[in-house]
Amino acid sequence: MKAGCSIVDKPEGGGGYHFPEWAYKTESSPGSRQIQLWHFILELLQKEEFRHVIAWQQGEYGEFVIKDPDEVARLWGRRKCKPQMNYDKLSRALRYYYNKRILHKTKGKRFTYKFNFNKLVMPNYPFINIRPNGEHREFREFWNFWEFWDFWGKKKL
DNA sequence: AACGGAAATC
DNA sequence: GATTTCCGTT
């Protein structure tokens, strides 16, 4: 058994939500279950105990602020077993998300980024648009990904 | 702080 | 492929 970084990583804070299997898989490598940075970000955003470190920006849907860059980097480094992780490197990874349309930068606002929820994250998970029995809700109606997951996850998996 | 090229790493 | 590492530029 690997001590620190097992194949299926445990979420920060323990307990609570955890992304389902498909969230860790990559198209090219079905067996790979390395957690994606944006999954990790959403994970932290979900928990109250990390609000002093990272939190949703009230007002703008999907926008969040990294209040403590060093701490977020430390937590990310711990999860990925990369002790040398820092905000400079983590932010580079976030910038690679710009072209992938997962995130974009909120210009002028320090340490502030915004998820491209409805159009960009959704296409990666087709089933999300499937409507079961009239109980369809636009993703944008949800407060965050987790409220959405609560709504759909319990039905689909 | 933020950006993005280039090479390395897994 | 998704970062991680390094770094020159704005």
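Just so it is clear, the model here is predicted, and its values are computed rather than measured.

Cut-offs applied
- Residues numbered from 1 in each chain as written.
- Chains lettered and ligands numbered in written order.
- Predicted model: local features only at pLDDT ≥ 70, side-chain atom pairs only at ≥ 80, totals over all residues.
- Heavy atoms only, no water.
- Buried < 20%, exposed > 50% of the residue type's maximum accessible area, 1.4 Å probe, protein only.
- Helix = DSSP H or I, 4+ residues; strand = E, 2+ residues; numbered from the N terminus.
- Arc of directions from axis to C-beta.
- Contact = heavy atoms within 4.5 Å.
- Core = buried A, V, L, I, M, F, W, Y, C linked by side-chain atoms within 4.5 Å.
- UniProt positions renumbered as here; feature names shortened; annotations may be inferred.
- Phe/Tyr/Trp six-rings, centres within 6.5 Å; stacked < 30°, edge-to-face > 60°.

Novice: Would you mind going over helix α3 (residues 87-99) with me for this structure?
Specialist: Note that an α-helix has 3.6 residues per turn; residues three or four places apart therefore point the same way. Along α3, the positions that sit buried rather than exposed are Tyr87, Leu90, Ser91, Leu94 and Tyr97. All buried residues of α3 fall inside an arc of 95° around its axis, so they share one side. Turned more than 90 degrees away from the buried face of α3, the exposed residues are Asp88, Tyr96 and Asn99. On its buried face, α3 sits against α1 (37-46), β2 (63-66), α2 (69-80), β3 (103-105) and β4 (112-115).

Novice: Mind showing me how you'd approach the nonpolar core here?
Specialist: In globular proteins that are soluble, nonpolar side chains generally tend to be buried together. Formed by 26 residues in total, the largest nonpolar core has its most connected members in Ile54, Phe64 and Phe115. At the level of elements, α1, β2, α2, α3 and β4 are the ones that each hand at least two residues to this core. In terms of residues, this core owes the most to one element, α1, which gives seven residues. With sequence-adjacent residues up to four places away left out, Ile54 is seen in contact with Ile41, Leu44, Leu45, Phe64, Val65, Ile66, Lys67 and Val72.

Novice: Would you take a moment to explain the UniProt feature "domain: ETS" (unreviewed entry) in chain A for this structure?
Specialist: With numbering matched to this structure, UniProt assigns "domain: ETS" (unreviewed entry) to residues 35-116. Helix makes up 43% of residues 35-116 and strand makes up 17%, while its end C-alpha atoms are separated by 19 Å.

Novice: Before we go on, may I ask you to explain the packing of aromatic side chains in this structure?
Specialist: Centre distance and the angle of the planes are the two values used to describe a pair of aromatic rings. Counting across every chain of the model gives six aromatic pairs. For the ring pair Phe40 and Trp76, a centre distance of 5.1 Å and an interplane angle of 45° mean the geometry is tilted. With Phe40 in helix α1 and Trp76 in helix α2, the pair connects residues that are 36 residues apart, well separated along the chain. Given the relative accessible area of 6%, Trp76 is considered buried. Relative to Tyr113, the ring of Phe64 lies with its centre 6.0 Å away and its plane at 20°, an arrangement referred to as stacked. Highlighted residues: Phe64 in strand β2 and Tyr113 in strand β4, separated in sequence by 49 residues. Judged on exposure class, the residue Phe64 and its partner Tyr113 are both buried. By way of ring pairs, the aromatic residues Trp56, Phe64, Tyr113 and Phe115 are connected into one cluster.

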